Number of protein chains: 2
Amino acid sequence: MSIVVVGSVAFDTVETPHGKVENVVAGAATYFALSASYFTNVRVVGVVGEDFGPEQEALFLGRGIDIRGIEHAPGKSFHWKGEYTGAMNEAKTLDTQLNVFAAFEPKIPQEYEDSEYLFLANIDPKLQLQVRQQMPKVKMVCGDTMNYWIADHREALTNVLKELDVLLINDGEARMLSGMHNIVKASEKILAMGPKSLVIKHGEHGATAFFGENSFSSEHKLSRPFRAPTLPLAELVDPTGAGDSFAGGFYGYIASQPELTPAVFRRALFYGGVMGSFACESFGTERVASLRRNEIEERFEIFREISHLEYDKLKEQETA
Amino acid sequence: MSIVVVGSVAFDTVETPHGKVENVVAGAATYFALSASYFTNVRVVGVVGEDFGPEQEALFLGRGIDIRGIEHAPGKSFHWKGEYTGAMNEAKTLDTQLNVFAAFEPKIPQEYEDSEYLFLANIDPKLQLQVRQQMPKVKMVCGDTMNYWIADHREALTNVLKELDVLLINDGEARMLSGMHNIVKASEKILAMGPKSLVIKHGEHGATAFFGENSFSSEHKLSRPFRAPTLPLAELVDPTGAGDSFAGGFYGYIASQPELTPAVFRRALFYGGVMGSFACESFGTERVASLRRNEIEERFEIFREISHLEYDKLKEQETA
């Protein structure tokens, strides 16, 4: 099944305690697409400038990603510059040049119209809604957002939330959106805003999924939350794109399955964590763009090993 | 099997956004003992003053806890006063009156000498070491500590760490003890200080166990960490004693099992989280002192449900 992702395709300059990279192809849609590409077909909608040519396109084409929806506009691509220091929990933005992204009007190519899955990466909620309306036939919609839209574009965001099967955000965003510090109360308030389910990412502490009254399937309705781990990493080289890579692994796995069941949702959360952990291991998209599928499966297995009580027994049963 | 726990038996006055309690029986040894008492025999070593009489003893005796090792000294018992505000991540100490605890010299009653498990709750590492030396025949020693001892009593603490099978501390203590922010690197440094394994508690994000070169059993040596969840709670009534209750559930379960295997260690971490979550649901020891064993098993099952991919399948197999 195909996923359409709409979001930023950008050039990043990032410095962390481990080094620095300049003008590497990045952006939410890029990380998402690369990560999801190991699981399913991915189609990107975005905009780039004249500085984005065949060399940059190769990153996507090398992973079989459809980029017919990436519009080329006169001017420069979106550039972001940031740094991580200390605990590396949050990027400090040093410079943002929206460039062609400032006037972005997402257009869905006709070739994308049969896509069944839509991912609205972190962009202006007005644009997220426009895209959603251009794709009335998709069977599932997931989305992301960030503090900027929560603080200053709440009305538009509220309209998007009603359209979402799954909202994926982090702890800080969940608290800001709900006005509640307690994460259970925050989840209740957010689910009441419309999304059928909610995935809250806790950085190095994994992620928790919460399921609302109108969860993804009445037959498989889950009332309890589900907690997925992350792999404790000794080296966080560059956390940029970890959240988008998480989303790509999560949604890519869902789109690869015939039906969304609670078991599929759980495994998807694990694949999200797996892809997020890879993203942190290198600068930019380096690691996420060059994985082998068996590396992903091996790490999935490690996630299971470090979180499952009956791991030894499960392995015995599988090899018996 | 019997656990001897040495630590504080105190009166607490605690205020949280949910209310206030005054002069309730608390202290690390109390929470630990109550929590562990659902799994195994527990024997307490501590000191109390003249304000601690039959009414206070009933809390322990009601749970079958052996308090022959609680010394009665002239004067008042240890009193602690604290409050939790906002995110309730950390208590603010308003008043500490050590009273009889200031001159505490732990003595192990002869009746306790056949105990196989020793828990050194958070007290002066010099006293922890004295107790350890008084019990040379125990087969397992676990311990806790806190920022005060890490900062100002490092040499004495270093001697205790070499004696420990498991050190149980929280994120902040692990970072302070190791001088490393990254939790994997912190664990490596701490394991090199002596403890055979290390449990780092992450509050609302569960706990991670790390296993050293000399882990608890060469046969069952684990190299990978293990992550245990917590239950997302909508109401944190009073987090006081959650860490000690975690330790009691963890160690109580281990002491109840014939052998320490990786599977037992993992289940023990889950029971730790279970008991820690109960501790947060009421003021003082109210909830931890009045559980039914089936409530513990039900919550253990919820922990499994919210963290295990194959939960539905596991349930099917069990009921088949």
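To be clear, the structure that these remarks concern was listed above.
Computed from a prediction, not measured in an experiment: that's the story for all the values here.

*Asks:* I tried to follow the interface of chain A and chain B on my own but got confused; where do I start?
*Replies:* Taken together, the contact between chain A and chain B spans 38 residues of the former and 38 residues of the latter. Summing both sides of the interface, chain A and chain B together bury roughly 3700 Å²; the carbon and sulfur share of this comes to 53%. Here chain A is connected to chain B by six salt bridges. Note that B:Lys185 and A:Glu235 form a salt bridge whose closest N and O atoms lie 3.3 Å from each other. Put simply, chain A and chain B have 22 residue pairs in polar contact (both at pLDDT 80 or more) between them. Looking at the side of chain A that touches chain B, the elements with two or more residues in it are α6 (171-178), α7 (183-192), β13 (226-228), α9 (262-279), α11 (293-305) and α12 (311-319) of chain A. Examining the composition of the side of chain A that touches chain B, we find that four residues originate from one element, α11(A), more than from any other. Grouping the constituent residues of the side of chain A that touches chain B by class yields 17 nonpolar, nine polar and twelve charged.

*Asks:* How should the layout of surface pockets be read in this particular structure?
*Replies:* In this approach a probe as big as a water molecule rolls over the atoms, and the regions it shows empty are the leftover space. Residue and element names in this part refer to chain B. Roughly 250 Å³ of internal volume is contained in the second largest pocket. Going through the elements one at a time, α7 (183-192) and β12 (207-211) are the ones with two or more residues in the lining of the second largest pocket. The residue makeup of the lining of the second largest pocket, split by class, is seven nonpolar, three polar and three charged.

*Asks:* Can you help me understand the sheet that holds strand β3 (residues 19-26) of chain B in this one?
*Replies:* The strands making up a sheet associate through hydrogen bonds between their backbones, and the pairing can be parallel or antiparallel. Residue and element names in this part refer to chain B. One open sheet holds the four strands; their spatial order is β3-β2-β6-β7, and the pairing between them is mixed. Each edge of the open sheet is held by one strand with a lone partner, namely β3 and β7 (92-97). Taking the axes of each pair of neighbouring strands and ignoring which way they run, one obtains an average angle of 15° across the sheet.

*Asks:* What is the right way to look at the relation of the copies chain A and chain B in this model?
*Replies:* Here the second copy of the chain follows from the first by a rotation about an axis and a shift along it. When chain A is fitted onto chain B, the two copies agree to an RMSD of 0.0 Å after a turn of 180° and an axial shift of 0.0 Å. The symmetry that links the two subunits is that of a two-fold axis. When the interface residues of chain A are mapped onto chain B, 100% of them are again interface residues, pointing to one common binding face.

Parameters and conventions
- Residues numbered from 1 in each chain as written.
- Chains lettered and ligands numbered in written order.
- Predicted model: local features only at pLDDT ≥ 70, side-chain atom pairs only at ≥ 80, totals over all residues.
- Heavy atoms only, no water.
- Contact = heavy atoms within 4.5 Å.
- Buried area = accessible area lost by both parts, 1.4 Å probe.
- Salt bridge = Lys/Arg side-chain N within 4 Å of Asp/Glu carboxyl O.
- Polar contact = N/O pair within 3.5 Å; in protein donor to acceptor, adjacent residues only side chain to side chain.
- Helix = DSSP H or I, 4+ residues; strand = E, 2+ residues; numbered from the N terminus.
- Nonpolar A, V, L, I, M, F, W, Y, C, P; charged D, E, K, R; others polar.
- 1 Å grid on protein atoms, 1.4 Å probe; cavity = no way out; pocket = protein on both sides within 12 Å on 5 of 7 lines; lining within 4 Å.
- Points joined across faces, edges and corners; volume = space filled by probe spheres on them.
- Pairing = 2+ DSSP bridges.
- Axes fitted to C-alpha atoms, helices over the stretch in contact; angles between N-to-C directions.
- Least-squares fit on C-alpha atoms with pLDDT ≥ 70 in both.

So, to be careful, I would describe these as geometric facts and stop short of saying anything about function.
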